[in-house]
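# Per-entry structural report
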Amino acid sequence: MHFEFGLCSSLLLIFFVHGLVYAILLFQKGITKNSIANKWLSSFLLLCVMHISPWMLGFAGWYDTQPYRDILFYIPMQQLFFIGPVIYFYVQSLLNPSFLFLKKQWLHFLPGILYLIYSLMIFVVDKLYLHKYYFLANGVDKDFDVWYQYTGLASMLVYFIISNRYYNLYKRLMQQVISYADTVMFAWVRNFLMAFLIMQLTQISFFLLGKIYPFLETYTGNWWYFLLFAIIFYYIAITGYSNSVIAKVPFKLNKLNYAKPLLLIQESSPATIVQVDDIVEDAEYIETEPFGSTKQIDNTLLTEWKPKILSLIEQDRVYENPELSLAQIAKLLNTNASVISKVINQGFKMNFNDFINFYRVQAVKQKLNAGEQKLQTLLGIAYDCGFNSKATFNRAFKKFTVVSPKNWVGKL
């Protein structure tokens, strides 16, 4: 195979090979662990590897040598319309155990499929019918067309926005339905989305700077963008392969409106495979109105349910369960999760996660005031009171007391 080794081609070759290896490893990991998310991330890395290929192979002499020139011309290496949908479904499959890729979701890939058909049409007309360059008479790879680059960038930005919105809706839902929300916010998802955004902002920067510095619009100048792109996707490959995100709370939500009812089903263990029938059977609609909402519930509900919730918390100390959820509270009180959510949000002016952590902090303070810290560690006390991580304990304690746990002990 023809390949001219130089600084530009060799540097991109390193990222190309490593990205391809990680894509294969993630796909294998997805098969062995039955993880759809790993397969989506594998697809994303494969698309990234293909994205830098024209510049790697171009500097390796392919555009100057036949038949390699025609390979680059007629095989669409840059699949810009596929990248956005892939990251969108990756985020969903990572956060939601009940995520299912349905037939209607293939519509997200329709622009990419149409571009593949367009590429095939160019090949058939030029190579099989006219036997000469017609669509490519200007000698420029169609993947570099301005319309394609701009619409591809727009597509990726749109999918970044809706993926980020999905993540924010997920965070808001977790704060409303479980008492260990901090541990399932998954910093990796935030970092992944930020890295993807930096990819797009880098391309926009090169577009704008190219108007000032024409060199950046040349093939050589654009190489710097693809080098930065390669570095970013290499970071995604390494950290994505090593991340241990395991979502436990299956859900279905309306991505268009924050205030719409959310479909919540019972939590599942990491090994549980959620089936469609289970989702329908165990599903429960809850309205997660934020505590700052102007929409008020009937005062009779507050009068009836606030004392019951307080009794369950203060007397039964259910907050000591580190995986306590809104659904479990509702089950103990023989009502639905929507009622409990509304009463806590508006009656106690807190979301469910903060509400439970508030009482955990009060329990820790009582133990500290009683000198419990002389018998066990501060973290051990926190675990006894229902916290399941040091970071969550420190954050919650400081939120409700303004000081850190160590400073509180010091004052005692």
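What you see is a predicted model; the values in this text were computed from it and never measured. Each chain has its residues counted from 1, running along the sequence as written. Note on the predicted model: pLDDT of at least 70 is required for a residue's local features to be given, and 80 or more for side-chain atom pairs to be given and counted; whole-chain, interface and lining totals, by contrast, use all residues. Each side-chain value is worked out from all heavy atoms of the structure, with water and hydrogens disregarded.

## Overview of the overall build of the protein chain
Regarding its fold elements, the protein chain presents 16 helices and three strands. For each residue, the accessible area found with a 1.4 Å probe, counting protein chains only, is set against the maximum for its type, and the residue is called buried under 20%, exposed over 50%, and partly exposed in between. For the protein chain, the residues scored as buried account for 49% of the 412 residues in total. We call two residues in contact when some of their heavy atoms are within 4.5 Å. Of the contacts made within the protein chain by residues no fewer than 6 positions apart, 72% connect residues no fewer than 24 positions apart. Shrake-Rupley sampling with a 1.4 Å probe provides the accessible areas, and residues are treated as covered by the protein chains on show and by no other component. For the protein chain, the accessible area works out to roughly 20,300 Å², and carbon and sulfur atoms hold 63% of it. Helix and strand labels come from DSSP, where a helix needs a run of H or I of at least four residues and a strand needs a run of E of at least two; each type is numbered from the N terminus.

## Things to note about the packing of aromatic side chains
Geometry of an aromatic ring pair is reported as the spacing of the ring centres plus the angle between the planes. The pairing test for Phe, Tyr and Trp rings, Trp by its six-membered ring, is centres within 6.5 Å, and the orientation test on the planes gives stacked under 30 degrees, edge-to-face over 60, and tilted for anything in between. For the coordinates displayed, the defined rule picks out 56 aromatic pairs. Only lysine NZ and arginine CZ atoms are considered, and such an atom sits over a ring when it is within 6 Å of the ring centre and within 35 degrees of the ring normal. Seen from the ring of Phe-387, Arg-360 lies directly overhead, with NZ or CZ sitting 5.9 Å from the centre.

## Points about the pattern of salt bridges
Whenever a carboxyl oxygen of Asp or Glu lies within 4 Å of a side-chain nitrogen of Lys or Arg, that contact is scored as a salt bridge. Scanning the entire structure with this criterion turns up six salt bridges. A salt bridge links Asp-70 to Lys-127, with the nearest nitrogen and oxygen atoms 2.8 Å apart. Note that Asp-70 is positioned in helix H3 (residues 68-74) and Lys-127 in helix H5 (residues 110-130), a separation of 57 residues in sequence. On the basis of relative accessibility, which here comes to 13%, the residue Asp-70 falls in the buried class. Of the charged contacts in the structure, one is a salt bridge between Lys-211 and Glu-217, with a shortest N-O distance of 3.4 Å.

## Some remarks on helix H10 (residues 299-314)
Take the number of residues in a helix, subtract one, and multiply by 1.5 Å to get its expected span. Over its 16 residues, H10 extends 22 Å from the first C-alpha to the last, a length consistent with the 22 Å expected when each residue adds 1.5 Å. Within H10, the axis deviates most sharply at Trp-305, by approximately 30°, and proline Pro-307 lies no more than four positions further along. Buried within H10 are the following residues: Leu-302, Trp-305, Ile-309, Leu-312 and Ile-313. Looking at the buried positions of H10, the neighbouring elements they touch are helix H11 (326-332), helix H12 (337-347) and helix H13 (352-369). Here the bend at each residue means the angle between axes fitted to two seven-residue stretches, the one ending at that residue and the one beginning there.

## Some remarks on the packing of helix H2 (residues 36-59) against helix H8 (residues 219-242)
Contact geometry of H2 with H8 gives a least axis separation of 10 Å together with a crossing angle of 155°. The orientation of H2 with respect to H8, classified from their angle, is roughly antiparallel. Note on packing geometry: the crossing formed by H2 with H8 is left-handed. Contact residues: H2 offers Leu-41, Phe-44, Leu-45, Cys-48, Val-49, His-51, Ile-52, Pro-54, Trp-55, Gly-58 and Phe-59, while H8 offers Tyr-219, Thr-220, Asn-222, Trp-223, Tyr-225, Phe-226, Phe-229, Ala-230, Phe-233, Ile-236, Ala-237 and Gly-240. Classifying every residue of the contact of H2 with H8 by side-chain character gives 18 nonpolar, five polar and no charged. Axis definition: a line fit to C-alpha positions, over the contact stretch in the case of helices; interaxial angles, taken between N-to-C directions, run 0 to 180 degrees. Roughly parallel means an angle under 35 degrees; roughly antiparallel, over 145; roughly perpendicular, 65 to 115; everything else is oblique. Each crossing gets its handedness from the near helix: less than a right angle anticlockwise from the far helix is left-handed, clockwise is right-handed. Polarity classes work like this: nonpolar for Ala, Val, Leu, Ile, Met, Phe, Trp, Tyr, Cys and Pro, charged for Asp, Glu, Lys and Arg, and polar for all others, with Gly in that last group.

## Here we look at unusual backbone geometry
Each neighbour pair has its own omega, and for Gln-66 with Pro-67 the value is 5°, a cis peptide bond. Following the sequence through the fold, Pro-67 ends up in the loop between H2 and H3. A positive phi angle, close to 50°, is found at Asn-34, a residue other than glycine. Positioned with a positive phi, His-131 is a non-glycine residue whose angle comes to about 60°. Tracing the sequence through the fold places His-131 in the loop between H5 and helix H6 (146-177).

## Some words on a nonpolar patch on the surface
Residues Trp-106, Leu-107, Leu-110, Ile-113, Leu-114 and Ile-117 make up a contiguous nonpolar surface patch of roughly 600 Å² in combined accessible area. Summarising the element assignment, Leu-110 is placed in helix H5. Patch membership needs two things, relative accessible area over 30% and no salt bridge, and members are linked within 9 Å if like-charged or within 5 Å if nonpolar (Val, Leu, Ile, Met, Phe, Trp, Tyr).

## Thoughts on the nonpolar core
Take the buried Ala, Val, Leu, Ile, Met, Phe, Trp, Tyr and Cys residues and link them wherever side-chain atoms come within 4.5 Å; each set so joined is a nonpolar core. Among the nonpolar cores identified, the biggest contains 122 residues, and Phe-44, Met-174, Phe-192, Phe-233 and Ile-236 are the most heavily contacted of them. Among all residues touching Met-174, those that are not within four sequence positions of it are Ala-181, Val-184, Val-249 and Phe-251.

## A word on the environment of Tyr-133
Looking at where Tyr-133 falls in the secondary structure, it is placed in the loop between H5 and H6. Tyr-133 sits in the partly exposed class, given a relative accessible area of 29%. Once the C-alpha coordinates of Tyr-133 and Asp-70 are considered, the two residues, 63 residues apart in sequence, prove to be 9.9 Å apart. Once you skip the residues sitting within four places of it in the chain, Tyr-133 turns out to touch Gln-66, Arg-69, Asp-70, Phe-73, Tyr-74 and Asp-126.

## Some points on the side chain of Asp-126
Structurally, Asp-126 is set in helix H5. The charge count includes Lys and Arg as positive and Asp and Glu as negative, but it does not include His or the ends of the chains. Despite being buried, Asp-126 has no salt bridge partner; Lys-127 is the closest side chain of opposite charge, sitting 8.2 Å away. Not counting chain neighbours up to four residues away, the residues in contact with Asp-126 comprise Tyr-74, His-131, Lys-132, Tyr-133, Tyr-134, Phe-135 and Leu-136.

## Some words on the environment of Lys-367
Following the sequence through the fold, Lys-367 ends up in helix H13. The exposure class of Lys-367 is partly exposed, given its relative accessible area of 26%. In this structure the C-alpha to C-alpha distance between Lys-367 and Ala-382, which are 15 residues apart in sequence, comes to 9.6 Å. Ignoring sequence-local partners within four residues, the contact set of Lys-367 consists of Glu-372, Gln-373, Ile-381 and Cys-385.

## Structural notes on the confidence of the model for the protein chain
Per-residue pLDDT for the protein chain averages 87, and the proportion of residues at 70 or more is 89%. Contacts from residues 267-283, a stretch scored under 50 in pLDDT, to residues over four places away or in other chains number 29 contacts. Per-residue confidence from the predictor is reported as pLDDT, which spans 0 to 100.

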